[in-house]
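# Per-entry structural report
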Amino acid sequence: MADHSESTKTCASCGREMQWRAKWAKNWDAVKYCSDACRTRGVTTQDRELERTILTLLANRAATSTICPSDAARAIGGEEWRDLMEPARRAARRLVVAGEVDITQRGQVVDPSTAKGPIRIRRHRA
């Protein structure tokens, strides 16, 4: 059996980095979610719509522009946009993993797994 004690993965639902855990030793290769909550939530059609909206909003702005997750939440949520703030942040983290965007704070790229507080989203720069 391979030593996965230093391995990391990204949760398919929330986009946060997961560290190998001993309880996952027998099935680490099959682990997709960091928690029961993420496993239950999964990735919904609304989550995919938020990802598409983020990319569309960025495509319609200057290459150096950023957006707030609330921009995507407002675009598809109408009056209930506040309920979509955390889903929009999760969508942004999944897009970081896919190499599509960067998450920034105060103009600096930050680790999406540990970023706390207000974030901005920009197109990924190579």
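Scope of this entry: the structure provided in the associated data block. Since the model is a prediction, treat every value here as computed from it, not as a measurement.

This part covers the pairing of strand β6 (residues 120-123). In this sheet, β6 lies alongside strand β3 (residues 66-67) in antiparallel orientation, the contact comprising two bridges. Within the sheet, the bridge partner assigned to Thr66 lies in β6 and is Arg122. Pairing of strand β4 (residues 101-105) with β6, which is carried by four bridges, proceeds in the antiparallel orientation. When the bridges of β6 are listed, Asp102 appears paired with Arg122.

Here the focus is the nonpolar core. Counting residues in each nonpolar core, the largest one holds 15 residues, and the members touching the most others are Ile54, Leu58, Ile67, Val101 and Ile121. Contributing elements (two or more residues each) for this core: α2 (45-59), α4 (85-97) and β4. Dropping the residues within four chain positions of it, Ile54 is found in contact with Ile67, Ala72, Ala88, Ala91, Ala92, Leu95, Val101 and Ile121. In terms of nonpolar packing, the next biggest core, distinct from the first, is built from eight residues, Met18, Trp24, Val31 and Cys38 among them.

Moving on, we get to α2. Between its first and last C-alpha atoms α2 spans 21 Å; for 15 residues at 1.5 Å apiece the expected length is 21 Å, and the two agree. Those residues of α2 not exposed but buried are Asp47, Leu50, Glu51, Thr53, Ile54, Leu57 and Leu58. Down the axis of α2, the sector holding all buried residues measures 165 degrees, keeping them to one side. In α2, the exposed residues that point more than 90 degrees away from the buried face are Thr45, Arg52 and Ala59.

Let us now look at the pattern of salt bridges. Think of it this way: side chains of opposite charge can pair up when their charged atoms draw near. Evaluation of the coordinates by the stated rule reveals six salt bridges. Among the ionic pairs, Arg39 bridges to Asp36, the shortest N-O distance being 2.3 Å. Linking Arg39 with Asp36, this pair stays in helix α1 (residues 36-41), spanning three residues, or about one helical turn. Taking relative accessible area as the criterion, Arg39 reaches 47% and is therefore assigned partly exposed. Between Glu86 and Arg89 there is a salt bridge, with its nearest N and O atoms 3.9 Å apart. Of this pair, Glu86 and Arg89 are both found in helix α4, three residues apart, which corresponds to roughly one turn of the helix. Here Glu86 falls in the partly exposed class, since its relative accessible area comes to 33%. Each member of the salt-bridge network shares a partner with another, and the members are Arg48, Glu51 and Arg94.

Attention shifts here to the packing of α2 against helix α3 (residues 69-77). Axis separation between α2 and α3 bottoms out at 9 Å; the angle between their running directions is 120 degrees. By crossing handedness, the relation of α2 to α3 is classed as right-handed. Contacts from Gln46, Glu49, Leu50, Thr53, Ile54 and Leu57 in α2 reach Asp71, Ala72, Ala73, Ala75 and Ile76 in α3. Grouping the amino acids of the contact of α2 with α3 by side-chain chemistry returns seven nonpolar, two polar and two charged.

The pairing of strands in a sheet happens through backbone hydrogen bonds and is either parallel or antiparallel. Sheet architecture is open: four strands sit in the order β3-β6-β4-β5, paired in antiparallel fashion. The strands lining the two open edges of the sheet, one partner per strand, are β3 and β5 (108-109). Seen against the sheet, α2 touches β3, β4 and β6 and runs at an angle of roughly 65 degrees to β6.

Rules used throughout
- Residues numbered from 1 in each chain as written.
- Predicted model: local features only at pLDDT ≥ 70, side-chain atom pairs only at ≥ 80, totals over all residues.
- Heavy atoms only, no water.
- Pairing = 2+ DSSP bridges.
- Helix = DSSP H or I, 4+ residues; strand = E, 2+ residues; numbered from the N terminus.
- Core = buried A, V, L, I, M, F, W, Y, C linked by side-chain atoms within 4.5 Å.
- Buried < 20%, exposed > 50% of the residue type's maximum accessible area, 1.4 Å probe, protein only.
- Contact = heavy atoms within 4.5 Å.
- Expected span 1.5 Å × (residues − 1).
- Arc of directions from axis to C-beta.
- Salt bridge = Lys/Arg side-chain N within 4 Å of Asp/Glu carboxyl O.
- Axes fitted to C-alpha atoms, helices over the stretch in contact; angles between N-to-C directions.
- Left-handed = near helix turned anticlockwise from the far one by under 90°.
- Nonpolar A, V, L, I, M, F, W, Y, C, P; charged D, E, K, R; others polar.

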